[in-house]
Amino acid sequence: MPIRYRCRHCETEVGQLPFDSIDEAFLEKHNIEPEEQHIYIQPGAEGDYTIQCICEECQTSLQKFPSYYALKKWIQ
């Protein structure tokens with residue numbers, strides 16, 4: 001099962017990696033602390049994983065409108 005990267009704002013799939021699991025080396029490479037895993041990594045029903053990230057379009061919007069950082073969900 002792949003590891004999917006999905007934008008946490010617009011929910012666009014950014015990419016996939018063909019890994020079967022998430023190990024310590026993966027977490028270290030992505031700078032994800034163990035206590036933050038539940039925020040950024042969601043296990044799927046079929047054994048896959050989804051990593052919450054930010055796509056380029058949303059990152060550009062956040063740079064233009066920094067007040068959006070205060071909102072949990074700013075795309076309706």
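Thresholds applied
- Residues numbered from 1 in each chain as written.
- Predicted model: local features only at pLDDT ≥ 70, side-chain atom pairs only at ≥ 80, totals over all residues.
- Heavy atoms only, no water.
- Pairing = 2+ DSSP bridges.
- Helix = DSSP H or I, 4+ residues; strand = E, 2+ residues; numbered from the N terminus.
- Axes fitted to C-alpha atoms, helices over the stretch in contact; angles between N-to-C directions.
- Buried < 20%, exposed > 50% of the residue type's maximum accessible area, 1.4 Å probe, protein only.
- 1 Å grid on protein atoms, 1.4 Å probe; cavity = no way out; pocket = protein on both sides within 12 Å on 5 of 7 lines; lining within 4 Å.
- Points joined across faces, edges and corners; volume = space filled by probe spheres on them.
- Nonpolar A, V, L, I, M, F, W, Y, C, P; charged D, E, K, R; others polar.
- Core = buried A, V, L, I, M, F, W, Y, C linked by side-chain atoms within 4.5 Å.
- Contact = heavy atoms within 4.5 Å.
- Salt bridge = Lys/Arg side-chain N within 4 Å of Asp/Glu carboxyl O.

(A) Examining the sheet that holds strand 3 (residues 41-43) more closely. Across the sheet, 4 strands lie side by side as 2-1-4-3; this open sheet has mixed pairing. On the outer flanks of this sheet lie strand 2 (13-17) and strand 3, each paired with one strand and no other. Averaged over all neighbouring strand pairs, the angle between strand axes comes to 25°, with direction disregarded. Sheet topology places strand 1 (residues 3-7) next to strand 4 (residues 49-53); 5 bridges connect them, and they run parallel. Looking at strand 4, one finds that Arg 4 is bridged to Thr 50.

(B) The pairing of strand 1, seen in detail. What you see with strand 1 is a clean split: Ile 3, Tyr 5 and Cys 7 sit on the buried side and Arg 4 and Arg 6 on the side with no burial. Hairpin remark: strand 1 followed by strand 2, antiparallel, with 5 residues in the connecting loop; positive phi at Glu 11, about 65°.

(C) Just the layout of surface pockets, in detail. There is about 260 Å³ of room inside the largest pocket. Lining the largest pocket are Arg 6, Cys 7, Arg 8, His 9, Glu 11, Gln 52, Leu 62, Tyr 68, Tyr 69, Leu 71, Lys 72 and Lys 73. Split by residue class, the lining of the largest pocket holds 5 nonpolar, 2 polar and 5 charged.

(D) View of the nonpolar core. Ile 3, Tyr 5, Phe 26, Leu 27, Ile 32, Ile 41, Ile 51 and Cys 53 form the largest nonpolar core, which has 8 residues in total. Contributing elements (two or more residues each) for this core: strand 1, helix 1 (24-29) and strand 4. Once residues within four sequence positions are removed from consideration, Phe 26 is found in contact with Ile 3, Tyr 5, Leu 17, Phe 19 and Ile 51. Judged by nonpolar contacts, the second largest core, of 5 residues, contains Cys 7, Cys 55, Cys 58 and Trp 74.

(E) A look at the pairing of strand 4. Alignment of strand 3 against strand 4, held across 3 bridges, turns out to be antiparallel. The residue of strand 4 that forms the bridge with Pro 43 is Tyr 49. Linkage of strand 3 to strand 4, two consecutive antiparallel strands, is achieved through a turn of 5 residues, within which Gly 47 is found at a positive phi near 90°.

(F) The pattern of salt bridges, seen in detail. A full pass over the atoms with the stated rule returns 3 salt bridges. For the salt bridge of Glu 13 with Arg 4, the shortest nitrogen-to-oxygen distance reads 3.7 Å. The salt bridge involving Asp 48 is made with Arg 4; its shortest N-O contact spans 2.9 Å. Pair noted here: Asp 48 is in the loop between strand 3 and strand 4 and Arg 4 is in strand 1, with a separation of 44 residues, a long-range link. Note on Arg 4: relative accessible area 22%, which makes it partly exposed. Salt bridges linked by common partners bring Arg 4, Arg 6, Glu 13 and Asp 48 together as one network.

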